[in-house]
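# Structural description and commentary
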Amino acid sequence: MDDGLDLMLDGVDFGNQGWVYANVLRPAQNGYRPIAYVLTTLMKDGLGVGYRGTVADIRQSDRGETLAITLGEAARFLFELKPGSNDTSYGGEPKEPAFTRYAEDDVGSVVALDARVIQNIVVSNRRSSQLKLLGQLRNELAQEEEAAEASLSEKART
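Residues numbered from 1 in each chain as written. Predicted model: local features only at pLDDT ≥ 70, side-chain atom pairs only at ≥ 80, totals over all residues. Heavy atoms only, no water.

Secondary structure summary: the protein contains three helices and five strands in total. The order of α-helices and β-strands along the protein, N terminus first, is α-α-β-β-β-β-β-α. In the protein, which comprises 158 residues, the share counted as buried stands at 21%. In the protein, 60% of the contacts between residues at least 6 apart in sequence involve partners at least 24 apart. For the protein, the accessible area works out to roughly 11600 Å², and carbon and sulfur atoms hold 52% of it. (Helix = DSSP H or I, 4+ residues; strand = E, 2+ residues; numbered from the N terminus. Buried < 20%, exposed > 50% of the residue type's maximum accessible area, 1.4 Å probe, protein only. Contact = heavy atoms within 4.5 Å. Areas by Shrake-Rupley, 256 points an atom, 1.4 Å probe, with all protein chains shown as cover.)

Here you go:
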């Protein structure tokens, strides 16, 4: 197509994707990387499985409901939701609800989740350059931690 026509039609949502078009597809073409955190329905005793990854695809119904999401470079984590309580009888104290997220492990290249298992989705857009810088900083920090641990274990041996 013509560059002028592309520029004129840049903000037009031909696929009727709505929010997904504006916040996931367009940012990906403009140097942003949409990252999603997806919580699945709870399994047992307030435990559930969550996923984090780059949004590869989101399928929506004609009413804007999420039908499926596909995550690239996905990681899986276990989470726990504890309900709060206002019960102060018998000397009890009120408890705030709690969310605990446990360590994650890499799943592989792609994870597809159907609407039946999706409880909640949070998508954040970060510039790809910022994510690369964060990755470099994490690697440097991990190397420094390994060096410090090696130094401590060497001192312990002597």
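What follows concerns the confidence of the model for the protein. Mean pLDDT for the protein: 77, with 70% of residues reaching 70 or above. Summarising per-element confidence for the protein, the mean pLDDT is lowest in helix H1 (residues 3–8) (48) and highest in strand E3 (residues 66–82) (91). Scored below 50 in pLDDT, residues 5–9 shows two contacts in the model against residues more than four places distant or in partner chains. (pLDDT = per-residue confidence, 0-100.)

Taken together, the side chains of Leu 42, Leu 81 and Phe 99 define a hydrophobic patch exposed on the protein surface, amounting to about 260 Å² of accessible area. Its location among the elements puts Leu 81 in strand E3. With a relative accessible area of 36%, Leu 81 lands in the partly exposed category. (Patch = residues over 30% accessible without salt bridge, like charges linked within 9 Å, V, L, I, M, F, W, Y side chains within 5 Å. Salt bridge = Lys/Arg side-chain N within 4 Å of Asp/Glu carboxyl O.)

This paragraph deals with the environment of Val 49. Mapped onto the secondary structure, Val 49 falls in strand E2 (residues 47–60). On a C-alpha basis, the gap between Val 49 and Arg 101 in space is 9.6 Å, while along the polypeptide they are 52 residues apart. Not counting chain neighbours up to four residues away, the residues in contact with Val 49 comprise Val 38, Leu 39, Thr 40, Arg 76, Phe 77 and Phe 79.

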